[in-house]
Amino acid sequence: MWNKLKELVGKKYNIEELKRDYEDNGYCILKGFFNKRDLRKFDSDVNQIWQNRRTDAGEITIDVLEGELNGQRLKLKDAPDTALECAHKVNDLYLESAACRNLNLNKKLCGILKDIFADDPLVINSLSFRKGSQQPHHFDTYFMPPPVENQMVVSSICLEDQCKEAGTLSFYPGSHKIKPYVFSHGGIHLAPGEMKNATAYIEKEIEEQGLTTKTFIGKAGDVFIWHAQLYHGGLPILDENKTRKTLVTHYWRRNDVEEERVAFTAEGESYLKKDHLAVAA
Ligand SMILES: O=C(O)CCC(=O)C(=O)O
């Protein structure tokens, strides 16, 4: 099936060029990948879960990113309206929402990821937000290091047209080639209290290598793909009324995870079976 789709995809996107961008710069962009209908379905699923969250949100969690509850992880079903009005991330909607899986496990997208990544992608995490994340620059491997070094890819799907005022995605092209910072436990997973040292190391490397930041201001349906080690973050929101609805998904290689932990969509794409994140008691 992928061979047929590949022909279609190949007409619109130059896979070799995408691969080159990914390898050389740590990211590549699929312009106009999803149509408005695909995006609307996701939006209406999310709205429905929101509206009926007291009964329908299961164990879905959110991370609040500003306001009184800043820094807290809550169950969506228990979250007060005030938390939802603030910037927040919804964790792992892919476990509950077929509309979410229809986007991040879209057959064509998975085919492209497979080409770039040289393996079948397995969704291991998703986070979706309405307002910009405003997250300081970081490597995703601080939070979810893949079983095999560098073998993680990330897709960020623009669910609406973006603007600068909404707090854009910011990143350092080429930063994926910086030797990762090794924390005191010997790995690249963030160790408590060591972010400051890691940031000092990365900033020094960035300066020595002459890397500079870029921003991405996408249109609805664009997909920004980044490498496990691309240093990136979200810039401050300049206008509180502007949103940047986005679905970010992290993928590992399917073959790096034990078979019994893998679930499949009807189209044969895969995602990690897991519990929702725990919230503090
Ligand atoms: O789009 C953004 O604001 C960045 C989100 C982010 O850093 C992440 O999902 O790891």
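1. Considerations on the overall build of the protein
Right, on to step 1. Regarding its fold elements, the protein presents eight helices and 13 strands.
Right, on to step 2. Computed over C-alpha atoms, the radius of gyration of the protein comes to 18 Å, within 12% of the 19 Å expected from 2.2 N^0.38 for 281 residues, which places it in the range of a compact globule.
Right, on to step 3. Along the longest, intermediate and shortest principal axes, the C-alpha atoms of the protein span 50 × 45 × 40 Å.
Right, on to step 4. Classification of the 281 residues of the protein by burial places 38% in the buried group.
Right, on to step 5. Taking the contacts inside the protein whose residues are at least 6 apart along the sequence as the reference set, 79% of them involve residues at least 24 apart.

2. Concerning the pairing of strand 11 (residues 246-253)
Right, on to step 1. Within strand 11, seven of the eight residues are buried, leaving the element largely enclosed by the surrounding structure.
Right, on to step 2. In this sheet, strand 11 lies alongside strand 5 (residues 121-129) in antiparallel orientation, the contact comprising eight bridges. Bridging across to strand 11, Phe129 finds its partner in Thr246.
Right, on to step 3. Taken together, the seven bridges between strand 6 (residues 152-158) and strand 11 define a ladder with antiparallel strand orientation. In the strand pairing of strand 11, Ser156 is matched with Val248.

3. Brief notes about the site of the ligand
Right, on to step 1. All residues in the neighbourhood of the ligand are listed as Leu127, Gly132, Ser133, Gln135, Asp140, Ser156, Leu169, His232, Gly233, Gly234, Thr246 and Val248.
Right, on to step 2. Elements with a contribution of two residues or more to the shell around the ligand: strand 10 (232-234) and strand 11.
Right, on to step 3. Top contributing element to the shell around the ligand by residue count: strand 10, with three residues.
Right, on to step 4. Here the shell around the ligand is composed, by residue class, of three nonpolar, eight polar and one charged.

4. Topic: the packing of helix 2 (residues 15-25) against helix 7 (residues 107-117)
Right, on to step 1. Following both chains from N to C, one finds helix 2 and helix 7 inclined at 55 degrees, their axes separated by 9 Å at the closest point. Here helix 2 is positioned oblique relative to helix 7, judged by the angle of their axes. Like other packed secondary-structure pairs, helix 2 and helix 7 cross with a definite hand, here right-handed. Residues Ile15, Leu18, Lys19 and Tyr22 of helix 2 lie in contact with helix 7, whose contacting residues are Ile112, Asp115 and Ile116.
Right, on to step 2. By residue class, the composition of the contact of helix 2 with helix 7 is five nonpolar, no polar and two charged.

5. Structural notes on helix 7
Right, on to step 1. Taken residue by residue, helix 7 has Leu109, Cys110, Gly111, Ile112, Leu113, Ile116 and Phe117 as its buried positions.
Right, on to step 2. Downstream of helix 7 by one or two residues, Ala118 has phi in the positive range, about 60 degrees.

6. Brief notes about helix 8 (residues 195-209)
Right, on to step 1. With 15 residues, helix 8 should reach 21 Å at 1.5 Å per residue; the first-to-last C-alpha distance of 21 Å fits that figure.
Right, on to step 2. Trailing helix 8 by a residue or two, Gly210 shows a phi angle of about 65 degrees, which is positive.

7. Some remarks on the sheet that holds strand 10
Right, on to step 1. Read from one edge of the open sheet, three strands run 8-7-10, paired in antiparallel fashion. Edge strands, defined here as strands with exactly one partner in the open sheet, are strand 8 (214-216) and strand 10. Averaged over all neighbouring strand pairs, the angle between strand axes comes to 30 degrees, with direction disregarded.

8. Notes on the environment of Asp63
Right, on to step 1. As for its placement among the helices and strands, Asp63 is situated in strand 2 (residues 61-64).
Right, on to step 2. Apart from the residues lying within four places of it in its own chain, the contact partners of Asp63 are Arg73, His88, Lys89 and Asn91.

9. What about the nonpolar core?
What tends to happen in soluble globular proteins is that the nonpolar side chains get buried as a cluster.
Right, on to step 1. Counting 63 residues, the largest nonpolar core has Tyr27, Phe42, Leu113, Val153, Ile225 and Tyr251 as its most contacted members.
Right, on to step 2. Dropping the residues within four chain positions of it, Tyr251 is found in contact with Leu113, Pro121, Leu122, Val123, Ile124, Met152 and Val153.

10. Overview of unusual backbone geometry
Right, on to step 1. A positive phi is found at Asp92, a non-glycine position, where the angle reads about 55 degrees.
Right, on to step 2. Structurally, Asp92 is set in the loop between strand 4 (88-91) and helix 6 (98-104).
Right, on to step 3. For Asp92, a count of 24 C-beta atoms within 10 Å gives the class buried.
Right, on to step 4. Residue Asn150 is not a glycine yet carries a positive backbone phi of 70 degrees.
Right, on to step 5. Note that Asn150 resides in the loop between strand 5 and strand 6.
Right, on to step 6. Asn150 sits in the partly exposed class, given 14 other C-beta atoms within 10 Å.

11. Observations concerning the pairing of strand 5
Right, on to step 1. Most of strand 5 sits inside the fold, with nine of its nine residues counted as buried.
Right, on to step 2. Two elements, strand 4 and strand 5, share three bridges in a ladder whose sense is antiparallel. Bridge pairing in strand 5 places Lys89 opposite Phe129.

12. Details of the environment of Ser44
Right, on to step 1. Mapped onto the elements of the fold, Ser44 is located in helix 3 (residues 36-51).
Right, on to step 2. Judged by C-beta crowding, with 11 C-beta atoms within 10 Å, Ser44 ranks as exposed.

Conventions adopted
- Residues numbered from 1 in each chain as written.
- Predicted model: local features only at pLDDT ≥ 70, side-chain atom pairs only at ≥ 80, totals over all residues.
- Helix = DSSP H or I, 4+ residues; strand = E, 2+ residues; numbered from the N terminus.
- Rg over C-alpha atoms; globule rule 2.2 N^0.38 Å.
- Buried ≥ 20, exposed ≤ 12 C-beta atoms within 10 Å, placed from the backbone.
- Contact = placed C-beta atoms within 7 Å.
- Pairing = 2+ DSSP bridges.
- Near = placed C-beta within 6 Å.
- Nonpolar A, V, L, I, M, F, W, Y, C, P; charged D, E, K, R; others polar.
- Axes fitted to C-alpha atoms, helices over the stretch in contact; angles between N-to-C directions.
- Parallel < 35°, antiparallel > 145°, perpendicular 65-115°, else oblique.
- Left-handed = near helix turned anticlockwise from the far one by under 90°.
- Expected span 1.5 Å × (residues − 1).
- Core = buried A, V, L, I, M, F, W, Y, C linked by C-beta atoms within 7 Å.

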